[in-house]
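Reading the structure
The residues making up each chain are set out below.
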2 protein chains.
Amino acid sequence: MDDEQRLELRVIGVVRSPLRDPADAPRQGDEGAPRAQVVLDPQVWPGLDGLQVGQELLVLTWLHRARRDVLQTRPRNDPHRPEQGVFTTRSPDRPNPLGLHPVRVLAFGGNTVEVDGLEAIDGTPVVDLKPLLGPLDER
Amino acid sequence: MDDEQRLELRVIGVVRSPLRDPADAPRQGDEGAPRAQVVLDPQVWPGLDGLQVGQELLVLTWLHRARRDVLQTRPRNDPHRPEQGVFTTRSPDRPNPLGLHPVRVLAFGGNTVEVDGLEAIDGTPVVDLKPLLGPLDER
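Now for a look at the structure at hand. A quick note: this is a predicted structure, and the numbers were derived from the prediction, not measured. (Residues numbered from 1 in each chain as written. Chains lettered and ligands numbered in written order. Predicted model: local features only at pLDDT ≥ 70, side-chain atom pairs only at ≥ 80, totals over all residues. Heavy atoms only, no water.)

1. Some details on the sheet that holds strand β3 (residues 36–40) of chain B
All names here are of chain B. Ordered in space as β2-β3-β8-β7-β4-β9, the 6 strands form a closed barrel in which the pairing is antiparallel. Averaged over all neighbouring strand pairs, the angle between strand axes comes to 45°, with direction disregarded. When strand β7 (residues 98–109) meets strand β8 (residues 112–115), the two strands line up antiparallel, connected through 4 bridges. For A107, the partnering residue across the bridge sits in β8 and is E114. (Pairing = 2+ DSSP bridges. Helix = DSSP H or I, 4+ residues; strand = E, 2+ residues; numbered from the N terminus. Axes fitted to C-alpha atoms, helices over the stretch in contact; angles between N-to-C directions.)

See the structure below:
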């Protein structure tokens, strides 16, 4: 792909969490991840207008500790499983280490959104937030 | 956020689709989107090892026609709905116009994955593929 297709993400916020080390983080948010805060750049705060407590969001992060040169891995780092392509796993190691974290909004205010079950470590850059989509007739 | 946090995505592929114009694209993949191909950079093809026909994937794209300076929008461009923050909508217009497309794999081979129901237009850059996660005991 040519140079004109280089795409730059803007960091819009950061994860604040008691998780400090990737080795301590659960593999997915529904596997025992703690509460965390998404602290947004004040410039993008208007983008949260309409947010509701209890709402389900997808937090998109940049998994800054991941390796970008890995194309094959063992799922869940299990040595008993064969290697497979990173695009058929949720490994953080991949050409673009984007993390997808479904969370529920517990509270928000200032420039902070408090959420449950976010498995990213403290300091992980946030690049987008999206609502989970409900049924067709509720969009 | 400081300059050290500028993050560059690598384009790993491109969407090939009969959809040519964003105005023709359905708003979501389950609202009548056509079959499409994800044509990958041959360098990343090993990352698909283990892919299966029938599998559900999330295709992550860069919505290159979107506006990055928009923080509030009317959901589904409906003039009767009030403006709300882009992070509480699925509008393509947002600081980082990442698209999330759940699809089913119809076939694959060469460096192409054929999928159903992808609402991105022809030429949309692809930045990641991830499996949809099943129940905990199947991971």
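2. Observations regarding the interface of chain B and chain A
By a frequent convention, interface size equals the accessible area lost on bringing the separate parts together. On the side of chain A, 55 residues touch chain B, which itself brings 55 residues to the contact. With both chains or domains summed, chain B and chain A bury close to 5,200 Å², and 59% of this area falls on carbon and sulfur atoms. One can count 2 salt bridges joining chain B with chain A. The salt bridge involving R94 of chain A is made with D128 of chain B; its shortest N-O contact spans 3.0 Å. At the junction of chain B with chain A, the criterion picks out 26 residue pairs in polar contact (both at pLDDT 80 or more). Sorting the residues of the side of chain B that touches chain A by element identifies β1 (7–9), β4 (56–62), β6 (84–85), β7 and β9 (125–131) of chain B as the ones contributing at least two each. Taken together, the 3 bridges between strand β1 (residues 7–9) of chain A and β1 of chain B define a ladder with antiparallel strand orientation. Across the sheet, residue L9 of chain A finds its bridge partner in β1 of chain B, namely L7 of chain B. (Contact = heavy atoms within 4.5 Å. Buried area = accessible area lost by both parts, 1.4 Å probe. Salt bridge = Lys/Arg side-chain N within 4 Å of Asp/Glu carboxyl O. Polar contact = N/O pair within 3.5 Å; in protein donor to acceptor, adjacent residues only side chain to side chain.)

On their own, these measurements won't tell you what the molecule is for.
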